[in-house]
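# Structure assessment
Residue-level listing of the chains:
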Amino acid sequence: MAAALYAFIAAVIAGIGARDQLLVAGLVARLGRRWPILLVALASAMVSTAIVVVAARTISGELNNRAGLLLAALALALAALELALVQPRRAPREPTRSLGAAGIVLLATQITDATRFLDFAIAIATEAPRTAGLGGMTASLVVITAGWLGGAELLALPIRPVRRALAGVLMLVAVWLVWQVVMP
């Protein structure tokens, strides 16, 4: 159960001002607070988290504890880089009003975001992919719903400094994990 809690907390923190959250907020600002937007975004979050859990479950069976921690440290470092370097794009202009297109863009965005990297890292490090996936998926649903509820107001918040500070914390945790493996 600790894996679910760790994944939930990490995913909520990494999801603050994330690309998927701001994309949903931008769609709401342009198209209005429509339920289908929320449902497509939530489905995309569930699918992307499920993909990460399956990958973690497949890989974790092949790794010993030290290799798993190193892979978790790499995932944390990638999450830190994503938080620090990747800026959310401007609110999209949605001429087609296509939920399918929005879903594809959300899924592609979520597969490579910090939240999924953190879910992967926690699933590998705790050797509990399903439990970590449940916590990460729940957090993703909360973050996406906050983006849907926030809309234009969320887009106006200065979130970039917060994300950079979180990136620093994640990088420190990644270095600490590597240190634990190298200097037992």
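What this report covers is the structure whose coordinates are included nearby. What you see is a predicted model, and the numbers here were worked out from it, not measured in a lab. (Residues numbered from 1 in each chain as written. Predicted model: local features only at pLDDT ≥ 70, side-chain atom pairs only at ≥ 80, totals over all residues. Heavy atoms only, no water.)

## Considering the nonpolar core
General note: in soluble globular proteins, nonpolar side chains tend to be found buried as a group. Formed by 30 residues in total, the largest nonpolar core has its most connected members in Leu76, Leu83, Leu118, Phe120, Ala132, Leu170 and Leu177. Of all the elements in the fold, those that place two or more residues in this core are helix H1 (2–15), helix H3 (35–60), helix H4 (65–85), helix H6 (114–126) and helix H8 (160–182). Ranked by the residues each element gives to this core, the list is headed by H4, at 9 residues. Each residue touching leucine 76, except ones within four places of it in the same chain, is listed here: Leu118, Ala121, Leu170, Val173, Ala174 and Leu177. Listed in part, the 14 residues of the second largest apolar core include Val24, Ile37, Leu38 and Ile144. (Core = buried A, V, L, I, M, F, W, Y, C linked by side-chain atoms within 4.5 Å. Buried < 20%, exposed > 50% of the residue type's maximum accessible area, 1.4 Å probe, protein only. Helix = DSSP H or I, 4+ residues; strand = E, 2+ residues; numbered from the N terminus. Contact = heavy atoms within 4.5 Å.)

## Describing a nonpolar patch on the surface
Taken together, the side chains of Leu74, Leu78, Leu81, Leu85, Val86, Met171 and Val175 present a nonpolar region at the surface, about 580 Å² in accessible area. Considering each element in turn, the nonpolar patch owes the most residues, 4 residues, to H4. The topology assignment puts leucine 74 in helix H4. On the basis of relative accessible area, leucine 74 is assigned to the partly exposed category, the value being 48%. (Patch = residues over 30% accessible without salt bridge, like charges linked within 9 Å, V, L, I, M, F, W, Y side chains within 5 Å. Areas by Shrake-Rupley, 256 points an atom, 1.4 Å probe, with all protein chains shown as cover. Salt bridge = Lys/Arg side-chain N within 4 Å of Asp/Glu carboxyl O.)

## Let's talk about the pattern of salt bridges
Scanning the entire structure with this criterion turns up 4 salt bridges. The partner of arginine 19 in a salt bridge is glutamate 82, with the nearest N and O atoms 3.2 Å apart. Highlighted residues: arginine 19 in helix H2 (residues 19–31) and glutamate 82 in helix H4, separated in sequence by 63 residues. For arginine 116, the salt bridge identified is with aspartate 113, shortest N-O distance 3.1 Å. One exposure class covers both arginine 116 and aspartate 113, and it is buried. Each of Arg19, Glu82 and Arg163 takes part in a single network of salt bridges with overlapping partners.

## Some words on the packing of H1 against helix H7 (residues 129–155)
Packing of H1 against H7 leaves a shortest axis separation of 7 Å and a crossing angle of 30°. Between H1 and H7, the angle is such that the two are roughly parallel. The crossing of H1 and H7 is right-handed. For the pair H1 and H7, contact is made by Ala3, Ala4, Ala7, Phe8, Ala11, Val12 and Gly15 and by Thr131, Ala132, Gly135, Gly136, Thr138, Ala139, Val142 and Val143, respectively. For the contact of H1 with H7, the class distribution of residues is 10 nonpolar, 5 polar and no charged. (Axes fitted to C-alpha atoms, helices over the stretch in contact; angles between N-to-C directions. Parallel < 35°, antiparallel > 145°, perpendicular 65-115°, else oblique. Left-handed = near helix turned anticlockwise from the far one by under 90°. Nonpolar A, V, L, I, M, F, W, Y, C, P; charged D, E, K, R; others polar.)

## Some remarks on the packing of aromatic side chains
Enumeration over the complete set of coordinates arrives at 1 aromatic pair. Between tryptophan 35 and tryptophan 148, the ring centres sit 4.9 Å apart and the planes meet at 40°, which makes this aromatic pair tilted. Pair noted here: tryptophan 35 is in helix H3 and tryptophan 148 is in helix H7, with a separation of 113 residues, a long-range link. Taking NZ or CZ as reference, arginine 33 lies 5.9 Å from the ring centre of tryptophan 148, over its face. (Phe/Tyr/Trp six-rings, centres within 6.5 Å; stacked < 30°, edge-to-face > 60°. Lys NZ or Arg CZ within 6 Å of the ring centre and 35° of its normal.)

## Here we look at the side chain of arginine 163
Along the chain, the position of arginine 163 falls in helix H8. Residue classification places arginine 163 among the buried residues on the basis of a relative accessible area of 4%. With sequence-adjacent residues up to four places away left out, arginine 163 is seen in contact with Ala14, Ile16, Gly17, Ala18, Glu82 and Leu83.

Worth remembering: the numbers are spatial, not functional.
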